[in-house]
Structures are given as C-alpha cells and as structure tokens.
Amino acid sequence: MNTNPGGSGQFGQNQQTGPIVPKTAAEALRPEAGTPPPKRSRASRSQVVVFMNFVISAVMLMILAAGVSLYFGKQAFNEPGPSATGDTFLVKPSTGVQDIADQLERRGLISDARIFRIGVRVYGNDSALKAGEYEIKPRASMRDIMELLKSGKSVMYSLTIPEGLTVEQALQRVAEQDALTGDMPATTPAEGSLATDTLRFTRGATRQQMVDKLLADQKKLVDEVWQRRAPDLPLANVDDFVTLASIVEKETGRGDERSRVAAVFLNRLAKGMRLQSDPTIIYGLFGGKGKPTDRPIYQSDIEKQTPYNTYLINGLPPTPIANPGRAALEAVANPSKTDDLYFVADGTGGHVFATTLAEHNENVARYRALQKKQAEDVAKGAKTPGQTDAPADGDDSGDASGDAGGDSGDAGGDAGAAQ
C-alpha cells in the first residue's frame with residue numbers, strides 16, 4: 001500500500017508541493033488584488049483623439065447653453081415690459097437696431113437691450129424698423145415694441161386752421177406747433193391763399209411743408225369751386241371771387257344764411273352800390289393781426305379812409321381779408337336767388353334781410369332797441385377810460401368768425417340808414 005502523500009493518486013494531485021505557510025486572521029481577511037486592466041493602445045493615447053473628445057464635449061455644452069439662453073431669452077422677449085406708464089418713443093431716420101435698443105433700455109421701456117437686439121434679428125426685422133414717433137403702451141413687451149416699430153404706425157399730430165383766420169394768424173399757429181421742425185417760410189403768402197383745414201402729420205414734419213400743403217390745397221379748392229360757379233356773377237376774376245368769399249366768411253358763420261349774405265353783396269356789386277361791410281373796416285385798421293377782442297367799432301372808424309373800408313370805396317377791397325373756407329366759396333359761387341340788398345343782426349346770432357332801405361331801417365331800429373335794452377340790463381353807460389368816441393351803435397360782437405363786429409351797418413346797415 002502506498003502511503004506517500006505525494007504519490008500519483010488524485011488526492012495527492014491537489015496538494016501544494018511547497019510548504020504550507022500559515023496566515024494570520026488579518027491576512028486571511030485582506031482582499032486580494034484584482035485582475036489589472038489591459039494596457040491602453042497607442043491610438044487611444046493620441047492627442048488628436050483627446051482634443052476631439054474635448055471639442056465634442058464643448059460643442060455639446062455650447063448647444064445646451066444656447067438652448068437654455070434661447071428659451072429664457074424668448075421668455076424675456078415676450079413677457080410684459082418694465083414700464084408701468086408707457087411713453088412716446090422717437091425713432092429718427094437711419095437709426096440702427098443697436099441704437100434703438102440702447103435708447104429703449106435707457107428710457108426704461110425694455111429690460112435688456114441685448115435681448116431686444118437679438119430678438120429683432122432672429123425674427124428677421126433688422127432692417128424693418130421704421131422711423132417715426134410711437135406710443136408705447138404700459139407693460140409692452142419687447143415683441144410688442146418690435147411689431148409697433150415695424151408697423152410704422154406713428155403718433156399723429158393735428159394742425160387746425162379755422163375758417164376766417166388771416167394768413168398772419170394762420171402762420172402763427174404753424175409757428176407755435178412744437179411737433180413741427182424747421183423755420184417759417186421767408187415770404188408771407190398772399191392773404192386768403194391758405195386752406196382752412198386740419199392737417200395730420202408726424203413729428204419731424206417741417207413748417208415749410210405745412211405751409212406748402214395749405215397753399216396747394218387752397219388753390220385746388222378755389223379752382224374747383226370757381227369752375228362750378230353760376231353764370232353772370234358780377235366778378236371780374238378768381239381773385240375777386242376769393243376776396244368776396246373772405247368777406248362773406250367774416251360776416252356770418254351760419255350755414256343756413258351764408259348763401260343769402262353772399263347774394264346781398266353780389267346784388268349790391270351788380271347795382272354799383274358800396275358793400276358797407278364792417279369786417280373790411282377792421283382789416284383796414286388792424287390788418288392781418290385782427291381786431292383786439294375788447295375793442296368795439298367806433299363811429300369814427302367807419303369814416304376812416306383805408307383801401308379796405310367798403311363804406312368809402314367802390315367795389316371790392318384790393319385783397320381778401322381772411323382765408324375763406326369751402327362753404328363761403330360755395331356760397332359766393334352759387335348764391336341764393338334773392339333781391340335782398342341789406343341785412344342786419346337779429347340779436348340771436350343770425351341776421352334779418354331786406355330788399356328796401358325803408359324795410360332795412362325798421363330792422364335796424366328793432367336791433368338798436370334790443371341793444372339798448374340789453375345794455376340797460378347790464379349797466380348804464382359810463383365811458384371807458386380814454387374813450388373819446390362812441391361805439392358804432394354799441395355793437396362790438398355779432399360776427400360769427402369772432403373777429404369783426406359785422407352787425408351794425410352791414411351792407412348799408414346802421415351807417416347807411418343814418419346817411
């Protein structure tokens with residue numbers, strides 16, 4: 001029997017051939033080293049590969065950052081703006097998006113100029129923002145503002161020239177409109193040559209442009225109405241037409257009697273009678289500045305010789321005395337069919353008309369009695385300090401245009417009755 005433990009039996013084959021070294025408990029519990037990793041290939045250690053890995057990582061980070069920025073930028077572009085009250089904002093011609101954005105931020109109308117600038121360009125509106133003055137609403141978003149500036153819907157201003165103003169008075173309104181720019185025209189237009197209208201314009205329009213527009217509109221209107229005039233008017237030319245229309249304009253603002261007033265003056269011209277119109281006296285005394293509102297027409301004014309005093313001159317004055325509107329021009333071009341030669345105020349803002357001097361004198365007497373009663377009801381008459389002449393029949397109002405008296409002595413009125 002083989003008793004050698006190192007024999008060829010199966011049991012002996014599993015035994016260590018060396019001496020058995022006993023381990024301590026700590027050594028037995030200590031983990032053994034794992035299998036070492038395989039060595040990196042030479043290609044994986046290449047600087048090109050390392051660089052490409054860095055680039056790809058950086059690009060991914062940039063895309064992620066851009067996405068986040070785009071999201072929050074879009075949110076900021078569309079969210080309500082910082083201005084609680086809104087304001088007007090002027091974009092001058094040739095102003096770029098960057099300047100517009102900076103100005104909006106300085107004015108507190110947007111929160112971030114950079115976001116506005118990028119947003120405008122992302123939407124393809126870099127060159128679409130238009131010059132003008134815009135009304136920015138409270139809490140308007142950057143997108144709202146972009147769309148508004150893209151639309152070109154600027155704030156509109158008005159310049160109104162009422163009927164019956166002289167050229168000098170109309171030009172004063174043009175000069176005082178602070179939304180206009182530039183100097184006034186060097187040459188004053190002729191009396192009666194400006195349209196009585198309301199012009200709409202944007203800030204930055206020039207005063208010269210406004211005057212040119214008023215001149216062109218009035219010429220067009222006058223030519224249009226003159227071409228449609230009634231036949232056989234006792235007017236030599238279009239200049240006389242405008243002059244008479246300006247007198248009618250100053251005599252009454254009542255639409256229901258304007259053509260009848262025109263008929264009175266045309267009838268008197270046809271008969272060779274003097275017009276005897278108070279507004280012409282006033283223009284001869286004060287010119288384009290107009291009569292002071294607190295000054296009546298005195299009896300001595302009627303007797304003062306001026307080129308415009310139609311109590312003393314025959315026919316029409318040398319120029320218009322105001323800018324007539326369409327209604328006055330139409331009234332002269334196509335007057336009422338009547339034989340009236342006189343009219344005087346009725347005390348209610350209108351006039352009473354007459355064909356004979358006797359009838360007219362009765363109307364004047366009634367008007368004087370009404371004036372006297374009104375004066376007695378207010379106060380009994382001490383002269384104002386420095387007054388050396390009595391008002392002509394005590395009347396200093398009555399003209400519907402608000403400038404001349406026009407109700408005493410009109411077309412042979414009080415003064416005509418006294419002669």
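Counting restarts for each chain: residues are numbered from 1 in the order of the written sequence. Local features in a predicted model are, by the rule used here, given only for residues with pLDDT of at least 70; side-chain atom pairs are given and counted only at 80 or more, and totals for whole chains, interfaces and linings are based on all residues. The side-chain numbers reported here are obtained from all heavy atoms of the structure, hydrogens and water having been left aside.

K.L.:
I would appreciate a short explanation of the overall build of the protein in the present structure.
P.N.:
Helix and strand counts for the protein stand at 15 helices and six strands. Each residue is placed in one exposure class: buried if its accessible area under a 1.4 Å probe, protein chains only, is under 20% of its type's maximum, exposed if it is over 50%, and partly exposed if it falls in between. Of all 419 residues assigned to the protein, the portion counted as buried reaches 39%. Whether two residues touch is decided by their heavy atoms; if any such pair falls within 4.5 Å, the residues are in contact. Put simply, of all contacts in the protein between residues at least 6 apart along the chain, 66% involve residues at least 24 apart. Helix and strand labels come from DSSP, where a helix needs a run of H or I of at least four residues and a strand needs a run of E of at least two; each type is numbered from the N terminus.

K.L.:
Before we go on, may I ask you to explain a nonpolar patch on the surface in this structure?
P.N.:
The grouping of Val48, Phe51, Met52 and Phe54 at the surface amounts to a nonpolar patch, some 450 Å² of accessible area in total. Relative to the elements of secondary structure, Phe54 occurs in helix α3 (residues 47-78). Like-charged residues within 9 Å of one another, or nonpolar side chains (Val, Leu, Ile, Met, Phe, Trp, Tyr) within 5 Å, are grouped into patches, provided each residue has over 30% relative accessible area and no salt bridge. Residue exposure ignores everything except the shown protein chains as possible cover, and the areas themselves are Shrake-Rupley values with a 1.4 Å probe. Salt bridges are identified by distance alone: a Lys or Arg side-chain nitrogen within 4 Å of an Asp or Glu carboxyl oxygen.

K.L.:
What exactly am I supposed to notice about helix α8 (residues 207-227) here?
P.N.:
Between the first and last residue of a helix there are one fewer steps than residues, each counted as 1.5 Å, and that sum is the expected span. Given a rise of 1.5 Å per residue, 21 residues ought to cover 30 Å, and the 31 Å separating the end C-alpha atoms of α8 matches this to within 8%. Within α8, burial applies to Arg207, Met210, Val211, Leu214, Gln218, Leu221, Val222, Val225 and Trp226. Across the axial projection of α8, the buried residues extend over an arc of 120°, all falling on one side. Turned more than 90 degrees off the buried face of α8, the exposed positions are Lys219, Lys220 and Gln227. Throughout, the arc means that of the directions going from the helix axis to the C-beta atoms.

K.L.:
Help me understand the pairing of strand β4 (residues 198-202), please; the structure alone is not making it clear to me.
P.N.:
In regular strands, side chains alternate between the two faces of the sheet. What you see with β4 is a clean split: Leu199 and Phe201 sit on the buried side and Thr198, Arg200 and Thr202 on the side with no burial. As paired strands, strand β3 (residues 156-160) and β4 are joined by five bridges and run antiparallel to one another. Bridge assignment links Ser158 to a residue of β4, and that residue is Arg200. Criterion used throughout: strands pair if DSSP finds at least two bridges between them.

K.L.:
Looking at this structure, I do not really get the pattern of salt bridges. What am I missing?
P.N.:
Where charged atoms of side chains with opposite charge meet at close range, the side chains can pair. Under the defined criterion, the tally for this structure stands at 15 salt bridges. Arg203 is the partner of Glu133 in a salt bridge, and the nearest nitrogen-oxygen pair spans 2.9 Å. A residue pair is termed long-range when its members are at least 10 positions apart, and Glu133 in strand β2 (residues 132-136) and Arg203 in the loop between β4 and α8 qualify at 70 residues. Residue classification places Arg203 among the partly exposed residues on the basis of a relative accessible area of 32%. Linked by salt bridges that have partners in common, Glu224, Arg228, Arg326 and Glu330 make up one network.

K.L.:
Explanation requested: the nonpolar core in the structure shown.
P.N.:
The tendency in soluble globular proteins is for nonpolar side chains to be buried as a group. Only buried residues count toward a nonpolar core. Its members are Ala, Val, Leu, Ile, Met, Phe, Trp, Tyr and Cys residues joined through side-chain atoms within 4.5 Å. One finds Leu235, Phe241, Leu244, Phe265, Leu316, Leu329 and Val332 to be the most contacted residues of the largest nonpolar core, which totals 30 residues. For this core, the elements supplying multiple residues, two or more each, are α8, α9 (238-251), α10 (258-271) and α13 (326-333). Each residue touching Leu329, except ones within four places of it in the same chain, is listed here: Leu221, Val222, Val225, Phe241, Ala245 and Pro324. Grouped together as the second largest cluster of nonpolar side chains are 20 residues, Phe89, Phe116, Tyr134 and Leu149 included.

K.L.:
What is the right way to look at the pairing of strand β5 (residues 342-345) in this model?
P.N.:
Summarising the sheet, β5 and strand β6 (residues 351-354) pair through four bridges and their orientation is antiparallel. Across the sheet, the residue bridging to Tyr342 is Ala354, located in β6. Taking the residues between adjacent antiparallel strands as the criterion, β5 and β6 are bridged by five residues, where Gly347 takes a positive phi near 85°.

K.L.:
When you look at helix α4 (residues 97-106) in this model, what are you seeing that I'm missing?
P.N.:
Given 3.6 residues per turn, any residue in an α-helix points the same way as the ones three and four places further on. If you check which residues of α4 are buried, you get Val97, Ile100, Ala101 and Leu104. Along the long axis of α4, the arc covered by the buried residues comes to 100°, so they all point the same way. On its buried face, α4 is in contact with β1 (87-91), α5 (113-122) and α6 (142-151). Where α4 ends, the next residue or the one after it, Gly108, has phi of about 75°, a positive value.

K.L.:
Can you help me understand the packing of aromatic side chains in this one?
P.N.:
Aromatic ring pairs are reported here in terms of the distance separating the ring centres and the angle at which the planes meet. Ring geometry is summarised as follows: Phe, Tyr and Trp rings, the Trp one being its six-membered ring, pair when their centres sit within 6.5 Å, and such pairs are stacked at plane angles under 30 degrees, edge-to-face over 60 and tilted between the two. The tally for this structure, following the rule as stated, stands at seven aromatic pairs. Their ring planes at 20° and their centres at 5.7 Å tell us that Phe77 and Tyr123 sit as a pair that is stacked. Placement of the pair is Phe77 in helix α3 and Tyr123 in the loop between α5 and β2, with a sequence separation of 46 residues. With a relative accessible area of 3%, Phe77 lands in the buried category. On the basis of relative accessible area, Tyr123 is assigned to the partly exposed category, the value being 34%. Through a chain of ring-to-ring contacts, the aromatic side chains of Phe77, Phe116 and Tyr123 assemble into a single cluster.

K.L.:
What exactly am I supposed to notice about the packing of α8 against α9 here?
P.N.:
Pairs of packed helices are described in terms of their axes, by the angle between the two and the distance that separates them. A fitted line through C-alpha atoms serves as each axis, taken over the contacting stretch for helices, and the angle formed by two N-to-C directions is quoted from 0 to 180°. Between α8 and α9, the shortest axis-to-axis distance is 11 Å and the interhelical angle comes to 100°. As far as their axial angle goes, α9 and α8 are roughly perpendicular. Between α8 and α9, the residues in contact are Val222, Val225 and Trp226 and Val238, Phe241 and Val242, respectively. Among the residues forming the contact of α8 with α9, the class breakdown is six nonpolar, no polar and no charged. When an angle is under 35 degrees it counts as roughly parallel; over 145 it counts as roughly antiparallel; between 65 and 115 it counts as roughly perpendicular; any other value is oblique. The residue classification treats Ala, Val, Leu, Ile, Met, Phe, Trp, Tyr, Cys and Pro as nonpolar and Asp, Glu, Lys and Arg as charged. All others, Gly included, are polar.

K.L.:
How do you make sense of the packing of α10 against α13 when you look at a structure like this?
P.N.:
At a closest axis distance of 8 Å, the pairing of α10 and α13 adopts a crossing angle of 50°. The pairing of α10 with α13 is recorded here as oblique in orientation. As α10 runs across α13, the sense of the crossing is right-handed. On the side of α10, the interface is formed by Arg258, Ser259, Ala262 and Leu266, while α13 contributes Ala327, Ala328, Ala331 and Val332. In terms of residue class, the contact of α10 with α13 is made up of six nonpolar, one polar and one charged. Handedness of each helix crossing follows the sense of rotation of the near helix against the far helix: counterclockwise by less than a right angle gives left-handed, clockwise gives right-handed.

K.L.:
Looking at this structure, how should I read the environment of Ala186?
P.N.:
With respect to the helices and strands, the residue Ala186 is situated in the loop between α7 (167-176) and β4. With 22 residues separating them in the primary sequence, Ala186 and Gln208 have C-alpha atoms 9.4 Å apart.

K.L.:
Help me out: how do you make sense of the confidence of the model for the protein in this one?
P.N.:
Note that predicted coordinates carrying low pLDDT should not be read in detail. Per-residue confidence from the prediction method is given by pLDDT, with values spanning 0 to 100. Per-residue confidence for the protein averages 84 on the pLDDT scale, and 79% of its residues sit at or above 70. Here residues 5-9 scores under 50 on pLDDT; set against residues more than four positions off or in separate chains, the count is four contacts. Note on residues 384-388: pLDDT under 50 across the span, and one contact to partners over four residues away in sequence or across chains.

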